[in-house]
Amino acid sequence: IYVMTVMGFQFTFYYIASLAPLIGGNLAFGFLIYAIASTVSILVYYAFISIMPRSGGDYVFTSRTLNPIIGFIGNISLGIILLLFAAINGVTIETTALSTLFAYLGVTYNNPGLVQLASTISQPVWIITLGLIWIIGSSIFALRSTRFYLKVQNYMFVIVMIGALSMIVALILTPHVGFVNAFN
């Protein structure tokens, strides 16, 4: 369910948010379509987990309800999709997060080195290199042990929640005029 909801949400958010303004799409309607589809998917998973509580996952559910070949093909497809998503995620992080961050910091602090770094990591060779580093680094956490991976994931969740809560508090405590001035 985690893969279906969290990764599906990220994937949908990246592409709806990035393409909607370019093609004249409706962002709210796109999220509504996704919300309905993911709700149906989550309810199906819930039904399978209720019916077969101690049986594996996608492969077991599909092979026992439809056909073992369909379960195998579905699992292989999921593996390929997850690999593609790792590549897409790596490209997205470099092009929309890191390069934008360095460009913003370079302009804000009048540092041409950071602006140059932003331009450099936007080049295809650096996107591929940093994406591979990202995938290998993520794989190290997953391959070490499940307990270690879950511990790192829990720490990262706490860090992200602290960041999100501090952002919300900052937005609540900042007056509208101060926000507009800082934004401009």
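In every chain, residue numbers begin from 1 and rise along the written sequence. Predicted model: local features are reported for residues with pLDDT of at least 70 only, side-chain atom pairs are reported and counted for 80 or more only, and whole-chain, interface and lining totals are derived from all residues. Hydrogens and water molecules were not included; the side-chain quantities draw on all heavy atoms of the structure.

Looking at the overall build of the protein chain
Step number 1: Where helices and strands are cited, they refer to DSSP runs of H or I of at least four residues and of E of at least two residues respectively, numbered from the N terminus. The helix and strand inventory of the protein chain stands at eight helices and zero strands.
Step number 2: The order of helices and strands in the protein chain, counted from the N terminus, is α-α-α-α-α-α-α-α.
Step number 3: Three exposure classes are used, based on accessible area relative to the maximum for each residue type with a 1.4 Å probe and protein chains only: buried under 20%, partly exposed in between, and exposed over 50%. Classification of the 184 residues of the protein chain by burial places 16% in the buried group.
Step number 4: Counting contacts in the protein chain only where the partners sit at least 6 residues apart, residues at least 24 apart contribute 38% of the total.
Step number 5: Computed by Shrake-Rupley with a 1.4 Å probe, the accessible areas treat only the displayed protein chains as cover when residues are assessed. Of the roughly 13600 Å² of accessible surface on the protein chain, a fraction of 75% belongs to carbon and sulfur atoms. Any two residues whose heavy atoms approach within 4.5 Å at even a single point are treated as in contact.

With respect to the packing of helix α3 (residues 58-65) against helix α4 (residues 68-108)
The description of two packed helices rests on the angle between their axes and on the distance between the axes.
Step number 1: Put simply, α3 and α4 touch, their axes get as near as 7 Å, and they point 150° apart. Here α3 is positioned roughly antiparallel relative to α4, judged by the angle of their axes. Every pair of crossing elements has a handedness; the one defined by α3 and α4 is right-handed. Residues Asp58, Tyr59, Thr62 and Ser63 of α3 touch α4, and the partners they reach there are Pro68, Ile70, Gly71, Phe72, Asn75 and Leu78.
Step number 2: Amino acids are sorted into nonpolar (Ala, Val, Leu, Ile, Met, Phe, Trp, Tyr, Cys and Pro), charged (Asp, Glu, Lys and Arg) and polar (every other residue, Gly among them). The residue inventory of the contact of α3 with α4, partitioned by class, reads five nonpolar, four polar and one charged. All axes here are fitted lines through C-alpha atoms, helices being fitted over the stretch that makes contact, and every angle between N-to-C directions spans 0 to 180 degrees. Roughly parallel covers angles under 35 degrees, roughly antiparallel covers those over 145, roughly perpendicular covers 65 to 115, and oblique covers all other angles. Handedness of a crossing follows from how the near helix is turned relative to the far one, being left-handed for an anticlockwise turn of less than a right angle and right-handed for a clockwise one.

Considering a nonpolar patch on the surface
Step number 1: For patches, a residue must show more than 30% relative accessible area and have no salt bridge; joins then use 9 Å for like charges and 5 Å for nonpolar side chains, namely Val, Leu, Ile, Met, Phe, Trp and Tyr. The salt bridge criterion pairs a side-chain nitrogen of Lys or Arg with a carboxyl oxygen of Asp or Glu, the two atoms within 4 Å. Nonpolar side chains collect at one region of the surface, where Leu165, Met167, Ile168, Val169, Leu171, Ile172, Leu173, Phe179, Val180 and Phe183 lie side by side and expose about 1000 Å² of accessible area between them.
Step number 2: For the nonpolar patch, the secondary structure elements donating two or more residues are α7 (146-173) and α8 (176-183).
Step number 3: Top element by residues in the nonpolar patch is α7. It accounts for seven residues.
Step number 4: Counting through the fold element by element, Leu171 comes out in helix α7.
Step number 5: Leu171 sits in the partly exposed class, given a relative accessible area of 47%.

Description of the side chain of Ser99
Step number 1: With respect to the helices, strands and loops of the structure, Ser99 is situated in helix α4.
Step number 2: Those residues within four positions of Ser99 in sequence are excluded, and the remaining contacts are Glu94, Ala118, Ile121 and Ser122.

Overview of the packing of aromatic side chains
Step number 1: For Phe, Tyr and Trp, where Trp contributes only its six-membered ring, two rings pair if their centres lie within 6.5 Å, and the inter-plane angle classes them as stacked under 30 degrees, edge-to-face over 60, or tilted in between. What the rule picks out here adds up to one aromatic pair.
Step number 2: Measuring from ring centre to ring centre gives 5.2 Å for Phe48 and Phe61, while their planes differ by 15°; the resulting arrangement is stacked. On the criterion of sequence distance, the pair formed by Phe48 in helix α2 (residues 27-51) and Phe61 in helix α3 is long-range, its members being 13 residues apart.
Step number 3: In this structure, Arg144 packs its charged tip against the face of Phe148, placed 4.1 Å from the ring centre. Only Lys NZ and Arg CZ are tested; either one counts as a charge over a ring when it is within 6 Å of the ring centre and within 35 degrees of the ring normal.

Topic: unusual backbone geometry
Step number 1: Although it is not a glycine, Asn110 sits at a positive phi angle of roughly 50°.
Step number 2: Tracing the chain through its elements places Asn110 in the loop between α4 and α5 (112-120).
Step number 3: Owing to a relative accessible area of 68%, Asn110 belongs among the exposed residues under this scheme.

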